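# Residue-level structural notes
Now for the letters of each chain:
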Amino acid sequence: MDNLQGLIEQAPELIVTYGLKALLAIVIFIIGKYLAGVAKNVTSKVLTKRKVDQTVVSFVANLAWALVFVFAVVATLGQIGVQTASLVAVIGAAGLAVGLALQGSLSNFASGVLMVIFRPCRVGDYVEAAGIAGVVDEITIFSTKLKTGDNKLIIAPNSAMMNGTIVNYSAMEKRRIDLVIGVSYSADIALTKQVIDKVLAAHDKVLAEPGYTIALSELANCSINFVVRPWVMTGDYWPVRFELLEQVKLALDEAKIEIPFPQMDVHVKDLPVKV
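All of the points below concern the structure found in this document.

Moving on to the nonpolar core. Nonpolar side chains tend to gather and get buried jointly when the protein is soluble and globular. Core analysis: the largest hydrophobic core is formed by 22 residues, its most contacted members being Ile177, Ile181, Val183, Ile196, Leu244 and Leu252. Counting only elements with at least two residues in this core, the list comes to strand E7 (179-183), helix H7 (189-202), strand E9 (224-229) and helix H8 (237-254). In terms of residues, this core owes the most to one element, H8, which gives 6 residues. Not counting the four nearest positions on each side in its chain, Leu252 is found in contact with Ile181, Val183, Thr192, Val195, Ile257 and Ile259. Listed in part, the 10 residues of the second largest apolar core include Cys121, Ala129, Ile132 and Ala156.

All right, on to the side chain of Thr192 then. Mapping Thr192 onto the fold places it in helix H7. Thr192 sits in the buried class, given a relative accessible area of 0%.

Before going further, it helps to examine the pattern of salt bridges. Scanning all chains against the criterion turns up 5 salt bridges. Two residues, Lys145 and Glu138, come together in a salt bridge whose shortest N-O distance is 3.6 Å. The structure contains a network of salt bridges with shared partners spanning Arg176, Asp178 and Arg229.

In a regular helix each residue adds 1.5 Å, so 18 residues correspond to 26 Å; H8 covers 26 Å between its end C-alpha atoms and thus fits that length. For H8, the complete set of buried residues consists of Tyr237, Val240, Leu244, Val248, Ala251 and Leu252. Seen from one end, H8 has its buried residues packed into an arc of 90°, which puts them on one side. Exposed and oriented more than 90 degrees from the buried face of H8 are Phe242, Glu246, Leu250 and Glu254. Of the surrounding secondary structure, the elements contacted by the buried residues of H8 are strand E6 (174-176), E7, H7 and strand E10 (231-233). Looking one or two places after H8, you find Lys256, whose phi comes out positive at around 60°.

Along the chain, Glu209 connects to Pro210 via a cis peptide bond; the corresponding omega equals 10°. Checked against the element boundaries, Pro210 lands in the loop between H7 and strand E8 (213-219). Of note, Arg119 is a non-glycine position whose phi angle comes to about 50°, a positive value. Residue position: Arg119 is located in the loop between helix H5 (103-118) and strand E1 (126-129).

Right, let's get into the sheet that holds strand E5 (residues 167-168). Overall, antiparallel pairing links the 5 strands, which are arranged E4-E3-E2-E1-E5 in an open sheet. Lying at the two open borders of the sheet, with one neighbouring strand each, are strand E4 (153-157) and E5. Where E1 lies against E5, 2 bridges are found, and the strand directions are antiparallel. Considered in E5, the bridge of Val127 is made with Asn168.

Rules of the game
Residues numbered from 1 in each chain as written. Predicted model: local features only at pLDDT ≥ 70, side-chain atom pairs only at ≥ 80, totals over all residues. Heavy atoms only, no water. Core = buried A, V, L, I, M, F, W, Y, C linked by side-chain atoms within 4.5 Å. Buried < 20%, exposed > 50% of the residue type's maximum accessible area, 1.4 Å probe, protein only. Helix = DSSP H or I, 4+ residues; strand = E, 2+ residues; numbered from the N terminus. Contact = heavy atoms within 4.5 Å. Salt bridge = Lys/Arg side-chain N within 4 Å of Asp/Glu carboxyl O. Expected span 1.5 Å × (residues − 1). Arc of directions from axis to C-beta. Pairing = 2+ DSSP bridges.

Written out as structure tokens, the structure reads:
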């Protein structure tokens, strides 16, 4: 009874003391979370102002947010009475277990660091990796965000990106367009090459250097095929490809050069009729 009465008498003091600690812990956490966002925004603005590559900006800004947020969590736990030194010791002792449990996440983090260091792709590049293709929108600590041509967002683990082959279509300044144009066996080869050459020479986005190739490549079943390989700036690849296909077709039609379609000859034999 004496102990109970003593607790009742101390209740207001305990409520005030621990209530203030809890309230202060909540305030520290809220402020810490806010400062994490500020750290991310400031880091992003500073690096962008210094014209650092956007890939590095995104990664470092996310890393700054994570560091400040972890510090805020530790400060919050310390405020409510948790011994942070003991907490660090416990985390260190459990590091192996945590590492095994989160090996996928740690692998993604390590891959993200490697992507920032070696830069196989950057924000804005069109890449094909991990069985997907799209424009790199953001490289975060654990994943890479890609936007597809039909405006879908794909989030791929960094480890999947780095552990496979990355085809970067935007890395080089120039790209070669590879077209195969098939014409009839009755077509004049020299005239066909001349018509195609005229189309390429007239297009203002086909590069004069390193030049283009027009050559007979195959005697196919229904057509003779020419390879047409002009060079363009990487950003002009798809528009020029579409335009050249249309313009070559119209030019061949104008020159009365037939573009054949698959066909089959069927021979019917007269067989004796049995009566």
